[in-house]
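Understanding the architecture of this molecule
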Amino acid sequence: MKFKIWTGLLTGFVVSASTTALFCQASRAGNSSLLGNGTLKYINTGILNAEPVVCAGVNQEDTCTTRTLRFTLKPGSDAEATLKKLPKVDLTVVEFTNSQKYSVAKIGNSDLAAREKAEDLFIQGEAKYEQGDYQGAIAAYTQAIALNPNYAEAYNSRGNARYSLGDNQGAVADFNEALRINPNYVEAYTSRGNARDDSGDSQGALADYNAALRINPNDASAYYNRGVTRYRLGDNKGAVADYTEALRINPNYASAYNNRGMLRSKLGDNQGAVADFNEALRINPNLFQAYGNRGLARSELGDNQGSILDFNEVLRINPNDALAYYHRGSIRSVLGDKKGAILDFNEALRINPNLFQAYGNRGIARSELGDKQGAILDFNEVLRINPNDALAYYHRGIIRYLSGDNQGAVADFNEALRINPNSAEAYTNRGNARDDLGDSQGALADYDRALQINPNLADAYLNRGVSRFRLGDTQSAVADYNAALRINPNLAVAYLSRGIARNEGGDKPGAMQDFQKAADLFQQQGDKDNYEKAINNLRKLQ
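Residues numbered from 1 in each chain as written. Predicted model: local features only at pLDDT ≥ 70, side-chain atom pairs only at ≥ 80, totals over all residues. Heavy atoms only, no water.

**Some remarks on the overall build of the chain**
The criterion, for reference: Strands here are runs of E lasting at least two residues and helices are runs of H or I lasting at least four, both read from the DSSP assignment and numbered beginning at the N terminus. Note on classification: 1.4 Å probe, protein chains only; a residue is buried when its accessible area is under 20% of the maximum for its type, exposed when over 50%, partly exposed between these limits. Two residues form a contact once any of their heavy atoms are found within 4.5 Å.
When helices and strands are counted, the chain shows 25 helices and five strands. The buried share of the chain, taken over its 542 residues, is 50%. Restricting the contact set of the chain to residue pairs at least 6 apart, pairs at least 24 apart contribute 51%.

What follows is the structure, given as C-alpha cells:
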C-alpha cells in the first residue's frame, strides 16, 4: 500500500521576488507653483536661503519664497527698515544703500521694461504649470529667460515643468543654470536631485539633497526625497531616519508616514508600520496607498478581516487598483473563500492582464475547487509572461501529477529545479513522480537531495520510507517513518505506513499500536477513507 505526501501542495502565493507587495505613492516631493491667483498687492520682507530679501505678495502676511522674490539685500541688512510708507499714498518705496554706482532707470528704460515683461511671462508660466499645461509653461518660461538670462527662478520652474513631462536630461540642464546663477538655491538642488535619481544617478541625487540640507537643515522635502533614494539603494534604516526627520519638521507629512510605514513593515516591525499608516490616514483619509499598505501589514499580523476592510477602502477610493483586488483575493483564499478569491483575481486581470501573480493564485484556487484544467491554463499564462517563475512550474507539476501525467510532472519539476536548485519540495515531489514511473533509484536520489537541503522535511522522510518499503528494505523504511514522526508527531499517514512495515517485519504488537494511532488521528482530522484503511488493517490483526 502506498501513502505519499505531496510537499507544499497548492499552498502559498505565487509571487515573484521582483514584485513589490507595497502600495507606493508618488515617489517624490516636487516643487509646485507657489503663486496664487490674484494681484500682487504688497511688498513684504523675509529671510530666504539665510539672506534678507524683499518680495511681493497677495496678502500682507505672505511669506517670501523663491517664486515671489524681487531682490536680495546685503547680508546683515534689516529688510524691514528698507521699506518706507509714503504718507497719504498707497505705495511702498524700497530704500537701500550700496557702495556700487547704479544708473537711474528712466521711464521707458528698455532694460527695466524687459525685466518687467519677463516677470509677467514668468507669472503666466506659473499659471499654466498649475493648470497642468507643462508645454505652455515651458514656452512662457523660455520667453522670460530670453528677456532676462539671469532669471534663476524661471530656469528652476522650467526644469520642474520638463521633469513633469519626463524630460529628466532637460530638467537637469535647467537646474544647473539656476544653480549657476544662485548657488544657494535650495529648491533647485532638491529638484535636480529628483531628476538625477529618476535618471539612475542615485549618488548624484544624494549629493544634491545633502547640499540642500546644508543650506536649509529644515527642508522636510529634501529629507523625504533623500529617504526615497536611500530606499532605492537598499539603505532601509537610513531611509527611515530621513522620513523621521521630515516628520519632525512637518508632523502632518502624510506621505512620509506612509513611506516610513512601508519600510517598517519590510524591516519586520508591522506594529510600528500600522501605527504610521494610521497617522497617514488621520492626516489624509483618502490616501489609498496607506490603506493598501496597512492591509498588507495587518495580514502579516494575522488580522485578515481587518486587512480585507482596508483593501475595500482602497477600491472605494480607486476602483481600478489591480493590486488591491489581487491582495484581497489572496487573503480571501487563505480564509477559505476560494470563489470570492477567484472573482477578485478576475478583476485584477481585467485591469492588468499582465499581473502574472494573479494568474498563479487563481490557478491555486481553481485547483483547490477541483478545476485542474483551468489551473493548468492559469500557470501556462504565468509562464508566458514570466518564463522563469519556478513556483509556477512547481505548482503546475503537482497538478499534472495529480491528473496522472507523471512525465509532464517530472518535466515541470526539472524546470523548477533549474531555476531554483535549492527547492527541497520540488525534489520531494519529483521523487514521487519518478517513483510512480518505476524509477525507484531516481526517486531515492531526489529524497536524499531534499533532505540534504532541509533535514526537517517530514514528508521527504515519509516518501523515502514508502520507496524503500517497495524495494523490500523494511528496516530502512521503518527508520524513515520514525524520523518523519519525530518531526511531525501528528502525521497520521506515517503511523499507517509504519504499521504496514512493522507487520511485514513480524512486529504485530507494534503494527497494531500504529494502526490504532493512525485511526485516531484520521478520525480527528475528518479523513474517513484513511480512517477505514487503518481500522481494517487493525481488525485483520486482532
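Moving on, there is more to tell.
**Describing the pattern of salt bridges**
Oppositely charged side chains can pair when the atoms bearing their charge come close. The criterion, for reference: Should a side-chain nitrogen of Lys or Arg be within 4 Å of a carboxyl oxygen of Asp or Glu, the pair is scored as a salt bridge.
By the definition in use, this model includes 38 salt bridges. One salt bridge in this structure joins Arg350 and Glu347, with 2.9 Å as the shortest N-O distance. Here Arg350 pairs with Glu347, and both are found in helix H14 (residues 338-351), just three residues apart, close to one helical turn. Salt bridges here are not isolated pairs; linked through shared partners, they connect Arg192, Arg196, Asp201 and Asp208.

**Description of the packing of helix H20 (residues 440-453) against helix H21 (residues 458-470)**
Formally: Only the stretch in contact is used when fitting a helix axis, every axis being a line fitted to C-alpha atoms; angles between N-to-C directions are given from 0 to 180 degrees. Oblique is the label for every angle not falling under 35 degrees (roughly parallel), over 145 degrees (roughly antiparallel), or within 65 to 115 degrees (roughly perpendicular). Two helices cross in a left-handed way if the nearer one is turned anticlockwise from the farther one by less than a right angle. They cross in a right-handed way if the turn is clockwise.
Contact geometry for H20 and H21: axes closest at 10 Å, N-to-C directions at 155 degrees. By the criterion of interaxial angle, the relationship of H20 to H21 is roughly antiparallel. Handedness of the crossing formed by H20 with H21: left-handed. Note on element contacts: H21 touches H20 through Ala460, Tyr461, Asn463, Arg464, Ser467 and Arg468, opposite Ala443, Leu444, Tyr447, Asp448, Ala450 and Leu451.

**Re the environment of Asn429**
Summarising the element assignment, Asn429 is placed in helix H19 (residues 424-436). Here the alpha-carbon distance between Asn429 and Asp446, two residues 17 residues apart in the chain, equals 8.5 Å.

**Description of the environment of Leu491**
Structurally, Leu491 can be placed in the loop between helix H22 (474-487) and helix H23 (492-504). Excluding anything up to four places from it in sequence, Leu491 contacts Ala458, Leu462, Ala484 and Leu485.

**Section: the packing of aromatic side chains**
Here is the rule we go by: The aromatic pairing rule takes the rings of Phe, Tyr and Trp, using the six-membered ring of Trp, and pairs them if the centres are within 6.5 Å, calling planes under 30 degrees apart stacked, those over 60 edge-to-face and the rest tilted.
A full pass over the atoms with the stated rule returns seven aromatic pairs. On the basis of an interplanar angle of 45 degrees and a centroid distance of 5.8 Å, the ring pair of Phe122 and Tyr141 is categorised as tilted. In this pair, Phe122 sits in helix H1 (residues 110-130) while Tyr141 sits in helix H2 (residues 134-147), placing the two residues 19 residues apart along the sequence. Neither Phe122 nor Tyr141 differs from the other in exposure class; each is buried. Aromatic rings pair up to connect Phe122, Tyr141 and Tyr151 into one cluster.

**Structural notes on the confidence of the model for the chain**
For clarity, the threshold we go by: Confidence of the predictor at the level of single residues is captured by pLDDT, which takes values from 0 to 100.
Here the chain averages 87 in pLDDT, while 80% of its residues score no lower than 70. Taken as a whole, residues 7-22 scores under 50 in pLDDT and shows 51 contacts with residues more than four places along the chain or in a different chain. Note that pLDDT drops below 50 for residues 84-99; the model gives that stretch 19 contacts with residues more than four away or on any other chain.

**Considering the packing of H19 against H20**
Defined as follows: Put simply, Ala, Val, Leu, Ile, Met, Phe, Trp, Tyr, Cys and Pro go in the nonpolar bin, Asp, Glu, Lys and Arg in the charged bin, and everything else, Gly too, in the polar bin.
Following both chains from N to C, one finds H19 and H20 inclined at 165 degrees, their axes separated by 8 Å at the closest point. In terms of orientation, H19 lies roughly antiparallel with respect to H20. Crossing handedness for the pair H19 and H20: left-handed. Here H19 contributes Ala424, Tyr427, Thr428, Arg430, Gly431, Asn432, Arg434 and Asp435 to the contact with H20, which in turn contributes Ser440, Gly442, Ala443, Asp446, Tyr447, Arg449, Ala450 and Ile453. Residues of the contact of H19 with H20, tallied by class, amount to six nonpolar, five polar and five charged.

**Quick word on the environment of Ala519**
Examined against the element boundaries, Ala519 turns out to sit in helix H24 (residues 508-525). For Ala519, a relative accessible area of 0% puts it in the buried group. Linking Ala519 and Asn530, residues eleven residues apart in sequence, is a C-alpha distance of 7.6 Å. In contact with Ala519, other than residues within four places in its own chain, are Tyr531, Ala534 and Ile535.

**Considerations on helix H13 (residues 322-334)**
So the rule is basically this: What a helix is expected to span follows from its residue count: subtract one and scale by 1.5 Å. Think of a polar contact as two N or O atoms within 3.5 Å of one another; within protein, one of them needs to be a possible hydrogen donor and the other a possible acceptor, and neighboring residues in sequence only count if both atoms come from side chains.
Taking 1.5 Å of rise per residue, the 13 residues of H13 would be expected to cover 18 Å, and the 19 Å separating its terminal C-alpha atoms lies within 8% of that figure. In terms of burial, H13 is a largely internal element, ten of the 13 residues being buried. Every buried residue of H13 is listed here: Ala322, Ala324, Tyr325, Tyr326, His327, Arg328, Gly329, Ser330, Ile331 and Ser333. Contact partners of the buried residues in H13: helix H11 (288-300), helix H12 (304-317), H14 and helix H15 (356-368). Measuring from the side-chain oxygen of the N-cap residue of H13 to the backbone nitrogen of Leu323 gives 3.2 Å; that N-cap residue is Asp321. Of the residues flanking the end of H13, it is Gly336, one or two places downstream, whose phi is positive at about 95 degrees.

**Details of H15**
Helix length check: H15 (13 residues) gives 19 Å between terminal C-alpha atoms against 18 Å at 1.5 Å per residue, within 8%. Extensive coverage of H15 is indicated by the burial of eleven of its 13 residues. Of all the positions in H15, only Phe356, Gln357, Ala358, Tyr359, Gly360, Asn361, Arg362, Gly363, Ile364, Ala365 and Ser367 are classed as buried. Contact partners of the buried residues in H15: H13, H14, helix H16 (372-385) and helix H17 (390-402). Count one or two residues on from H15 and you reach Gly370, which has phi positive near 95 degrees.

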